[in-house]
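Structure assessment
Spelled out, the chains give:
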Amino acid sequence: LLTIAEPLQWYSTGTILSESLATLLLMLVAAIGFSLFAQQRPRWQSAALLGLAIAVATMVRPVTYYLPVMVVVLLLVTAFRRHLGLRATMGLIAALLVPLLVIVGGWQLRNHEQVDSWRFSGVEGKNLYLFRAAGVVADERGVSLAAAQRVLLTRLGAAQHDAQGAYYEQMY
């Protein structure tokens, strides 16, 4: 009954967006993480696989960008409780971070070189400016959201072709 009552269900059933892939990747991160922390003496291969899964999940949806900080803390607590030793602990942390630094760090380096921004993604600045701020402007002035967006874009000025990252930085 809910599917019949909701017309967007019919429209979007054939559309696969990033949510499906992101959900699958988050389940993979959880499964690998559970496996890693369930081991009495965690192996560096499991930590590297977890780092790779988090990196890929982050590239699909940036919501996991800060997850490695929590995983490192959990690795430190686990290492302390299981008396793994400094060398083994540092090996696990390094194995976790290498794929993240290569994939996510590589993307940020690419962004710096190509669009002059160290941000992982510029979408948060665009959303903040063109939807949140424009919503406030629209509400205060009693105009449509589209009209408020035009006002804000006019105030911001034209995007410079060679500084796209700086443009989104201004939006932020």
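Scroll up to find the structure.
Here is what the cut-offs are and how they apply
All residue numbers refer to position in the chain's written sequence, counted from 1. Only residues with pLDDT of at least 70 get local features here, since the model is predicted, and only at 80 or more are side-chain atom pairs given and counted; chain-wide, interface and lining totals rely on the full set of residues. Hydrogens are left out, water is left out, and the side-chain values use all remaining heavy atoms of the structure. We define a salt bridge as a side-chain nitrogen of Lys or Arg found within 4 Å of a carboxyl oxygen belonging to Asp or Glu. A run of H or I in DSSP counts as a helix once it spans at least four residues, and a run of E counts as a strand once it spans at least two, with each numbered from the N terminus. Only protein chains enter the accessibility calculation, which uses a 1.4 Å probe; a residue whose area is less than 20% of its type maximum is buried, one above 50% is exposed, and one in between is partly exposed. Whether two aromatic rings pair depends on their centres lying within 6.5 Å, for rings of Phe, Tyr and Trp, where Trp uses its six-membered ring; planes under 30 degrees apart make the pair stacked, over 60 edge-to-face, and the rest tilted. Only heavy atoms matter for contacts: two residues are in contact if any of them lie within 4.5 Å across the pair. Where helices are involved, their axes are fitted lines through C-alpha atoms of the stretch in contact, as for all axes, and angles between N-to-C directions lie from 0 to 180°. For this classification, under 35 degrees means roughly parallel, over 145 means roughly antiparallel, 65 to 115 means roughly perpendicular, and everything else is oblique. The handedness criterion is simple: a crossing whose near helix is rotated anticlockwise from the far helix by less than a right angle is left-handed, and one whose near helix is rotated clockwise is right-handed. Classes in brief: Ala, Val, Leu, Ile, Met, Phe, Trp, Tyr, Cys and Pro nonpolar; Asp, Glu, Lys and Arg charged; the others, Gly included, polar. The span you would expect from a helix comes to 1.5 Å times its residue count less one.

This part covers the pattern of salt bridges. Opposite charge on two side chains makes pairing possible when the charged atoms of those side chains draw close. Applying the stated criterion across every chain yields a total of one salt bridge. The partner of E19 in a salt bridge is R61, with the nearest N and O atoms 3.4 Å apart. Note that E19 is positioned in helix 3 (residues 18-38) and R61 in the loop between helix 4 (44-60) and helix 5 (67-81), a separation of 42 residues in sequence. For E19, a relative accessible area of 41% puts it in the partly exposed group. Judged by relative accessible area, R61 falls into the partly exposed class, the value being 33%.

The subject of this paragraph is the side chain of Q39. For Q39, the position within the fold is in the loop between helix 3 and helix 4. Assessed through its relative accessible area of 16%, Q39 is described here as buried.

As a further point, take the packing of aromatic side chains. Summed over the entire model, instances satisfying the criterion amount to one aromatic pair. Judged by centre distance (4.8 Å) and plane angle (85 degrees), the rings of Y65 and Y66 are edge-to-face.

Moving on: the environment of A48. As for its position among the elements, A48 is in helix 4. Dropping the residues within four chain positions of it, A48 is found in contact with A95, L96 and P99.

A word on unusual backbone geometry. Despite not being glycine, H83 shows a phi value in the positive range, around 55 degrees. Checked against the element boundaries, H83 lands in the loop between helix 5 and helix 6 (86-115).

Between helix 3 and helix 4, the shortest axis-to-axis distance is 9 Å and the interhelical angle comes to 160 degrees. For the element pair helix 3 / helix 4, the angle class is roughly antiparallel. By crossing handedness, the relation of helix 3 to helix 4 is classed as left-handed. Here S18, L21, A22, L25, L28, V29, I32, G33 and L36 of helix 3 lie close against helix 4, whose contacting residues are S46, A47, L49, L50, A53, I54, V56, A57 and V60. A class-by-class count of the residues in the contact of helix 3 with helix 4 yields 15 nonpolar, three polar and no charged.

Any two packed helices are characterised by the angle at which their axes cross and by the distance between the axes. The geometry of helix 3 relative to helix 5 is characterised by a closest axis approach of 12 Å and an angle of 15 degrees between their N-to-C directions. Taken together, helix 3 and helix 5 sit at an angle that is classed as roughly parallel. You can see that helix 3 and helix 5 cross each other, and the crossing is right-handed. On helix 5, the residues touching V29, L36 and F37 of helix 3 are L67, V71, L74, L75 and T78.

Examined against the element boundaries, V71 turns out to sit in helix 5. Sequence spacing of V71 and A47 is 24 residues, and the spatial spacing of their C-alpha atoms is 9.7 Å. Setting aside anything within four residues of it in sequence, one finds V71 in contact with F37, L50, I54 and L96.

Before going further, it helps to spend a moment on the side chain of Q149. When you line up the elements, Q149 lands in helix 8 (residues 145-156). In this structure Q149 comes out as buried when scored by relative accessible area, which is 18%. Once you skip the residues sitting within four places of it in the chain, Q149 turns out to touch L130, F131 and A134.

Moving on, we get to helix 8. The end-to-end C-alpha separation of helix 8 is 16 Å, in line with the 16 Å expected for twelve residues at 1.5 Å each. Looking at the buried residues of helix 8, the elements they touch are helix 7 (123-141) and helix 9 (164-171). Remark: G157 follows helix 8 within two positions and exhibits a positive phi of approximately 95 degrees.

By themselves, these figures tell us nothing about what the structure is for.
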